[in-house]
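Commentary on secondary and tertiary structure
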Amino acid sequence: MRIDLTAKVALVTGGSSGIGFAIAKQLTECGAAVAITGRTRDTIDSAASSIGGGCLPIVADVTQADEMDAAVQRIGETLGGLHIVVANAGVGANAPLGEIDDQKFEKVVGTNLKGVLNTVQSALPMLGHGASIVLMGSTGSFEAPSTMSVYGATKAGMRAFAKTWIKDIKGRGIRINVVSPGAIDTPSLRDALGSDGDSAIDALNERSPIGRIGTPEEVANVVAFFASDSASYINGEELYVDGGLKV
Ligand code: NDP
């Protein structure tokens, strides 16, 4: 089965790095016209030029509803519509229970929950029958490592959002699914692991039933499938892309 996204327009939030970058590249290779968002002009422009295929870079912070409205309007004007939304932008913050302060809490909840809500609310008026929304979850939603409780709680929210939103928009022919990666080798994973990153990655490789952590491209393959008409009867589901290792 070849995934064909010809004539589709896609938005990937957080498309300048890691998993979002790989998703934007994969959707482009499958034939979609892709717009990526991020908060930094230089980073987003250089990512779009590496992705190629006319990828449209838009500076927009998912925590700001007005910026997401403007991003979607720009996509409509420039690319002629919107059919695929990948709410990928997400952040973590390490803090054990006693040290979760307002700043860390609001950063993680603001990006991972409110940011996803803003993205989907901004996109919804432009989405028609056959559109697909993919929310980026995490296996941390079941049992996050110590210090990652707020992150895990927000990612459990993706499951709750998808399961409920499909009822809220019943009859519109728009699917919403969650892709939940395990440990994937990206800048944010290496940041989270800190100075001892290489040996922490060795330990994850050792624990993994498949013998290694994942690549961003392995997540992108699954997102492309969910985004496509090949997944036309999959709705409100969550798929783990973790090689069998729930970290
Ligand atoms: P990266 O840090 O590599 O990339 C994050 C992207 O999100 C960047 O493009 C960043 O750009 C963007 N971003 C961050 N905050 C905002 C914001 N407020 N508004 C718009 N864009 C923003 O992360 P990953 O690729 O590792 O993670 C991507 C997603 O996958 C996240 O939701 C993460 O939780 C999830 N995930 C990752 C796993 C992993 O092991 N890597 C495992 C499970 C889930 P900029 O900073 O320039 O705005």
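Residues numbered from 1 in each chain as written. Predicted model: local features only at pLDDT ≥ 70, side-chain atom pairs only at ≥ 80, totals over all residues.

Quick word on the overall build of the protein chain
Helix and strand counts for the protein chain stand at 9 helices and 7 strands. Relative to its length of 247 residues, the protein chain is compact, with a C-alpha radius of gyration of 17 Å against a globular reference of 18 Å. For the protein chain, the spread of C-alpha atoms along the principal axes amounts to about 45 × 40 × 40 Å. Looking at the protein chain as a whole, 45% of its 247 residues are labelled buried. (Helix = DSSP H or I, 4+ residues; strand = E, 2+ residues; numbered from the N terminus. Rg over C-alpha atoms; globule rule 2.2 N^0.38 Å. Buried ≥ 20, exposed ≤ 12 C-beta atoms within 10 Å, placed from the backbone.)

So, the site of the ligand
As a structural note, the neighbourhood of the ligand is formed by 30 residues, with G14, G18, R39, G90 and S188 the closest of them. Elements represented by at least two residues in the shell around the ligand include exactly α1 (18-29), β2 (33-38), α4 (102-123) and α7 (187-193). (Near = placed C-beta within 6 Å.)

Some remarks on the confidence of the model for the protein chain
Model confidence for the protein chain is summarised by a mean pLDDT of 97, while 100% of its residues fall at 70 or above. Taken together, the chains of this predicted complex give a pTM of 0.98 and an interface ipTM of 0.99. (pLDDT = per-residue confidence, 0-100.)

A look at the packing of helix α3 (residues 65-79) against α4
In a packed pair of helices, the relevant descriptors are the angle between the two axes and the axis-to-axis distance. Packing of α3 against α4 leaves a shortest axis separation of 9 Å and a crossing angle of 40 degrees. It follows that α3 is oblique to α4 by the angle criterion. The two elements α3 and α4 meet at a crossing, and its hand is right-handed. Along its contact with α3, which presents A65, M68, D69 and V72, the element α4 presents N118, T119, S122 and A123. Considering only residue class, the contact of α3 with α4 consists of 4 nonpolar, 3 polar and 1 charged. (Axes fitted to C-alpha atoms, helices over the stretch in contact; angles between N-to-C directions. Parallel < 35°, antiparallel > 145°, perpendicular 65-115°, else oblique. Left-handed = near helix turned anticlockwise from the far one by under 90°. Contact = placed C-beta atoms within 7 Å. Nonpolar A, V, L, I, M, F, W, Y, C, P; charged D, E, K, R; others polar.)

Observations concerning the pairing of strand β3 (residues 56-59)
Working note: regular strand, side chains alternate between the two faces of the sheet. Bridging between β2 and β3 involves 4 bridges; their strand directions are parallel. Looking at β3, one finds that I36 is bridged to P57. Taking the sense of rotation as the criterion, the β-α-β connection linking β2, helix α2 (residues 41-51) and β3 turns out right-handed. (Pairing = 2+ DSSP bridges. Right-handed = clockwise from strand over helix to strand, strands pointing away.)

With respect to α3
Taking 1.5 Å per residue, 15 residues should reach 21 Å; α3 reaches 21 Å between its end C-alpha atoms and fits that length. When we look at burial in α3, the residues that qualify are M68, A71, V72 and I75. For α3, the angular spread of buried residues about the axis comes to 95 degrees, placing them on one side. In α3, those exposed residues whose orientation departs by more than 90 degrees from the buried face are D66 and E77. Where the residues of α3 are buried, they touch β1 (9-13), β2, β3 and α4. (Expected span 1.5 Å × (residues − 1). Arc of directions from axis to C-beta.)

What to know about the sheet that holds strand β5 (residues 132-136)
The parallel open sheet is built from 7 strands, whose spatial order is β3-β2-β1-β4-β5-β6-β7. Here the strands that pair on one side only, and so sit at the sheet edges, are β3 and β7 (238-241). Sheet twist, expressed as the average angle between the axes of neighbouring strands with direction ignored, equals 20 degrees. Bridging between β1 and strand β4 (residues 84-87) involves 3 bridges; their strand directions are parallel. Its bridge partner being in β4, L11 is matched across the sheet by V85. Set on the sheet, α1 makes contact with β1, β2, β4, β5 and β6 (175-181); between it and β1 the angle comes to about 170 degrees.

As for the pairing of β6
The buried fraction of β6 amounts to 7 of the 7 residues, a majority that puts the element mostly inside the structure. Burial along β6 is two-sided: R175, N177, V179 and P181 facing one way and I176, V178 and S180 facing the other are all buried. Two strands pair when backbone bridges link them, and β6 and β7 are joined in this way by 4 bridges, in the parallel orientation. Its bridge partner lying in β7, V179 is registered against L239.

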